[in-house]
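Examination of the molecular architecture
Listed below, chain by chain, are the residues.
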Amino acid sequence: MSILRTTSSQSREKINTSTSSNDGGGISIRVEGVSKTFISREKTVEALRPVDLEVEAGEFVCFLGPSGCGKSTLLSIIAGLETASSGAIYADDKKVDGPGTDRILLFQEAALFPWLDVQGNVEFGLRQMGIPAKQRAETARHFIDTVHLTGFERSYPHQLSGGMRQRAAIARALAINPAALLMDEPFGALDAFTRDRLHAELESIWSSTRKTILFVTHNVREAVALGDRVVVFAPRPGRIVRNFKIDLPRPRSLEDHNLVDVASDILDVLRSEMEASEEEVVHGTRH
Ligand SMILES: Nc1ncnc2c1ncn2[C@@H]1O[C@H](COP(=O)(O)OP(=O)(O)OP(=O)(O)O)[C@@H](O)[C@H]1O
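Residues numbered from 1 in each chain as written. Predicted model: local features only at pLDDT ≥ 70, side-chain atom pairs only at ≥ 80, totals over all residues.

The name given to the chain in an unreviewed UniProt entry is Nitrate/sulfonate/bicarbonate ABC transporter ATP-binding protein, with Reticulibacter mediterranei as the source organism.

This is the structure we're talking about:
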């Protein structure tokens, strides 16, 4: 079923709000020479050296690296929430010049509205788009079910566990049918058991919708468990140092010995990049 939505530029375009399992699909994302330097009165931080990256429509790509290597900065630039100091982002070959409902950013702390219940939160974006009440409720119910929150429609965020709040945030994002989910350490605050379950649920949502997913994490095994590809970042200054294609069969288990081996290879690369960065800080040797 298709409906009309009004975008910020007041143009009207068709989006698919079908409740079938394959609705919409992903977009390609191209990062061309994107860099970011934060300049303030006190100091200048080169958060990201020029990076290039091509993400295919429907690809699941993990950004992996230690704290401060520019992963979140790049994700925010792709989301259109931060401007690049140089370079450009293209979503399906269209230059990104601000946020859009085709690219939704999700954070570690599910940013739900505390005064709305789960149903209200999931319906929020649809209301903004002018979707009629009945259809809004139907679409919200579908996505609440997708994330296994049926029965909690009338619960408020403070009545939910961290994992449930994150599920509600994912349902809210999915409801507006973005072509790309940009996830910034979405499961970083969760216990290992809940994280495992959400990995499986996210993988299942991804394989049925084929949305493009960019997923930021510090956790090597998490990156290998989820990604078609792991893009490794290094700090000082933030930059992309390696791309690893992950060919392990899905669904993947964090304990699988092949996964553990791949994670350990990636960890070795990360460690040597960290050591090289530290050496540069001491000797000023990196160019
Ligand atoms: N708004 C800002 N103003 C100034 N510096 C910033 C700003 N945002 C980020 N930075 C700096 O840019 C660098 C990269 O930060 P960023 O948050 O992108 O890293 P990250 O790899 O996502 O780290 P983490 O995993 O800890 O979130 C850091 O040195 C950080 O201090």
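The subject of this paragraph is the packing of helix α2 (residues 118–128) against helix α4 (residues 162–175). Relative orientation of the contacting elements α2 and α4 amounts to 25°, with a least axis distance of 8 Å. Looking at the two axes, α2 sits roughly parallel to α4. The two elements α2 and α4 meet at a crossing, and its hand is right-handed. When α2 is examined against α4, the residues V118, N121, V122, F124, G125 and L126 are found in contact with a partner set consisting of A168, A171, R172 and A175. The class makeup of the residues in the contact of α2 with α4 is seven nonpolar, two polar and one charged. (Axes fitted to C-alpha atoms, helices over the stretch in contact; angles between N-to-C directions. Helix = DSSP H or I, 4+ residues; strand = E, 2+ residues; numbered from the N terminus. Parallel < 35°, antiparallel > 145°, perpendicular 65-115°, else oblique. Left-handed = near helix turned anticlockwise from the far one by under 90°. Contact = placed C-beta atoms within 7 Å. Nonpolar A, V, L, I, M, F, W, Y, C, P; charged D, E, K, R; others polar.)

In this section: the sheet that holds strand β10 (residues 212–217). One open sheet holds the six strands; their spatial order is β8-β9-β10-β5-β11-β12, and the pairing between them is mixed. Two strands bound the open sheet, and with one partner strand each, they are β8 (103–106) and β12 (239–245). Within the sheet, the average angular offset between the axes of one strand and its neighbour, ignoring direction, is 20°. (Pairing = 2+ DSSP bridges.)

A few words on the site of the ligand. Taken together, 13 residues sit near the ligand, with F38, A47, S67, S72 and T73 positioned nearest. Of all elements in the fold, only β4 (44–55) and α1 (71–79) reach the threshold of two or more residues within the shell around the ligand. In terms of residue count, α1 provides more of the shell around the ligand than any other element does, three residues in total. Classifying every residue of the shell around the ligand by side-chain character gives four nonpolar, eight polar and one charged. (Near = placed C-beta within 6 Å.)

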